[in-house]
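Descriptive structure summary
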Amino acid sequence: MFPRRGASEKEVLEELEEKTSPDLTFDSGRILGSMCTYPHPLAIEVVRRYIDRNLGDPGLHVGSQRVEDEAVGMLSELLGLKRGYGHIVSGGTEANILAVRAFRNIAKTENPELILPASAHFSFLKASEMLGVKLVWAKLREDYSVDVKDVEAKITDNTIGIVGIAGTTGLGVVDDIPALSDLALEYGLPLHVDAAFGGLVIPFAKKLGYKIPDFDFRLKGVKSITIDPHKMGMVPIPAGGIIFREKRFLEAISVPAPYLAGGKVWQATITGTRPGASALAVWAMIKHLGFEGYKEIVRRAMELSRWFASELKRIPGVYLIREPVLNIVSFGTENLKEVEEELKRRGWGISAHRGYVRIVMMPHVKKEHLEAFLEDLRGVVKAF
Ligand code: 0PR
């Protein structure tokens with residue numbers, strides 16, 4: 001019911017406190033299966049200060065737009081590109097939609113088809129439906145990376161592009177992007193890399209010595225990358241990233257907005273009015289943490305995931321789906337459904353909907369939380 005008279009701020013806040021009390025919070029240490037985390041205090045402060053900035057009307061907020069460009073520039077450089085073209089957007093979903101939209105518009109094919117791994121995120125289903133692009137699913141190999149031979153077999157005259165994943169949603173697997181890049185070049189097709197999760201993990205993990213395939217713009221076939229600061233970037237929701245190698249991709253999805261304060265501007269994003277504060281927070285976190293800061297966050301997360309995987313292997317009735325590649329560990333058990341139910345009943349924020357439980361070592365996940373979880377898991381598995 002729309003209230004006739006307003007309540008006091010205190011009353012409103014108290015009511016919200018009560019209404020949100022069923023939510024699990026990151027600081028409880030109980031959320032083990034999410035790709036989000038509690039944002040960094042500096043990023044929260046930046047959002048608070050610049051909450052009113054709207055990048056949908058950059059003529060009003062000229063400075064913020066420059067900061068967005070700088071943020072895109074720094075992310076591009078991290079991904080091996082001197083100058084990239086893109087935006088800080090609402091998340092990986094919007095970023096993926098923009099990439100598919102660019103590929104479709106450039107291809108100008110009547111019956112557009114996109115080839116993507118069977119492990120791709122469901123955001124591509126939305127892209128497919130909205131853009132009228134048929135999804136052609138490529139098989140996975142035994143290690144859950146995409147079968148590049150099957151990708152090649154599925155290329156037709158209607159193919160508008162190929163998708164590879166650097167950090168799959170379920171298992172954190174990195175596809176053989178170098179092989180996909182070669183294939184894309186051979187057939188003159190653009191390759192989009194969905195590094196929504198892995199983009200802010202892989203560059204640092206590689207520096208730490210983890211053996212992970214190359215995945216970024218250093219590979220010439222890669223034309224666009226999704227990289228989400230609201231996952232491992234410590235930035236508040238919403239903050240996704242889309243970077244294109246060439247300006248023409250951005251131009252292919254830009255529409256004119258002729259009446260805005262900056263005169264005629266071009267907009268490529270799905271959202272019109274959009275939060276400048278998010279872009280500023282991305283910029284602030286990169287400036288504040290730097291490569292070394294992110295590397296330390298990733299070091300902790302990777303070490304924790306290796307330790308956790310080795311602990312899981314010691315529990316009878318529990319098996320790893322595969323050895324972890326990034327900071328994601330997924331496991332199965334006998335009687336998985338019952339085990340999941342009981343773990344949830346004990347307050348753990350996990351899910352087994354894919355046929356296994358996915359644990360993501362986000363910055364809020366500490367060893368003591370995992371130890372408590374393992375303790376419960378041992379008990380639950382034994383009971384069922
Ligand atoms: N691409 C990949 C590889 C992803 O894993 C995701 C999200 C996306 C794209 C889409 O990103 P947005 O959700 O930012 O649009 N994957 C997470 C998942 O499905 C999203 C998520 C995050 C789910 C936190 C739950 C959660 O608690 O697991």
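Residues numbered from 1 in each chain as written. Predicted model: local features only at pLDDT ≥ 70, side-chain atom pairs only at ≥ 80, totals over all residues. Heavy atoms only, no water.

1. Some details on the nonpolar core
Heads up, the condition is: Only buried residues count toward a nonpolar core. Its members are Ala, Val, Leu, Ile, Met, Phe, Trp, Tyr and Cys residues joined through side-chain atoms within 4.5 Å. Here's how the labels work: a residue is buried when its accessible area is under 20% of the maximum for its type, exposed when over 50%, partly exposed in between, all with a 1.4 Å probe on protein chains only. Secondary structure elements follow DSSP: runs of H or I no shorter than four residues count as helices, runs of E no shorter than two count as strands, and numbering proceeds from the N terminus. Residue contacts are counted whenever heavy atoms from the two residues lie within 4.5 Å of one another.
Residues F308, L312, I359, F373 and L377 are the most contacted members of the largest nonpolar core, which totals 95 residues. Here this core takes 19 residues from helix α10 (residues 276-313), the largest share from any one element. With sequence-adjacent residues up to four places away left out, F373 is seen in contact with L32, F308, F331, L343, W348, I350 and I359. Counting 26 residues, the second largest nonpolar core, distinct from the first, contains V89, I97, A127 and I242.

2. A look at the pattern of salt bridges
Any two side chains of opposite charge can pair, so long as their charged atoms come close to each other. Put simply, the rule is: Here, a salt bridge means any Lys or Arg side-chain nitrogen found within 4 Å of an Asp or Glu carboxyl oxygen.
By the definition in use, this model includes 23 salt bridges. Across the pair D150 and K139 runs a salt bridge, and its minimum N-O distance is 4.0 Å. Within this pair, whereas D150 is found in helix α6 (residues 148-153), its partner K139 is found in the loop between β3 (134-138) and α6, the two being separated by eleven residues in sequence. With relative accessibility at 9%, the residue D150 sits in the buried group. When its relative accessible area of 52% is taken as the criterion, K139 is described as exposed. Linking R218 and D216 is a salt bridge whose minimum nitrogen-to-oxygen distance equals 2.3 Å. Residue class for R218 comes out exposed when judged on its relative accessible area of 52%. Linked through salt bridges whose partners overlap, the residues forming this network are E311, R314, E375 and R378.

3. Notes on the side chain of S330
Where we set the bar: Here a polar contact is recorded for every N or O atom pair within 3.5 Å, except that within protein the pair must consist of a potential hydrogen donor and a potential acceptor, and residues adjacent in sequence are included only if both atoms are side-chain atoms.
With respect to the secondary-structure elements, S330 resides in strand β11 (residues 328-333). Reaching out from S330, the side chain makes a polar contact with the backbone oxygen of G170 at a distance of 2.8 Å. Those residues in contact with S330, other than ones at most four positions away along the chain, are G170, L171, L320, I321, Y356, V357 and R358.

4. Looking at the pairing of strand β6 (residues 222-226)
Note the following rule: At least two bridges found by DSSP between two strands are what make those strands a pair. By convention a crossover is right-handed if, when the strands point away from the viewer, the path from the first strand over the helix to the second runs clockwise.
Within β6, five of the five residues are buried, which leaves it mostly tucked inside the rest of the structure. Relative to β6, strand β5 (residues 191-194) runs parallel, the two being bridged by four bridges. Paired with L191 across the bridge in β6 is V222. At this point the chain moves from β5, through helix α8 (residues 202-207), to the parallel β6, and the crossover so formed is right-handed.

5. A short note on the site of the ligand
For clarity, the threshold we go by: Being near a molecule or strand, for a residue, comes down to having at least one heavy atom within 4 Å of it. Here the Shrake-Rupley method, with its probe set to 1.4 Å, supplies the accessible areas, and only the displayed protein chains count as covering residues. Each residue gets one of three labels, nonpolar for Ala, Val, Leu, Ile, Met, Phe, Trp, Tyr, Cys and Pro, charged for Asp, Glu, Lys and Arg, and polar for the others, Gly among them.
Within the structure, the ligand sits among 18 residues, and T93, T169, D194, H230 and R358 are positioned closest to it. Residue R358 places a side-chain N or O atom 2.8 Å away from an oxygen atom belonging to the ligand. For the ligand, the protein covers 78% of the area, taking 590 Å² as the surface of the free molecule. Sort the elements by how many residues they give to the shell around the ligand and helix α4 (residues 92-107) lands first, with three residues. When grouped by side-chain class, the residues that make up the shell around the ligand number three nonpolar, ten polar and five charged.

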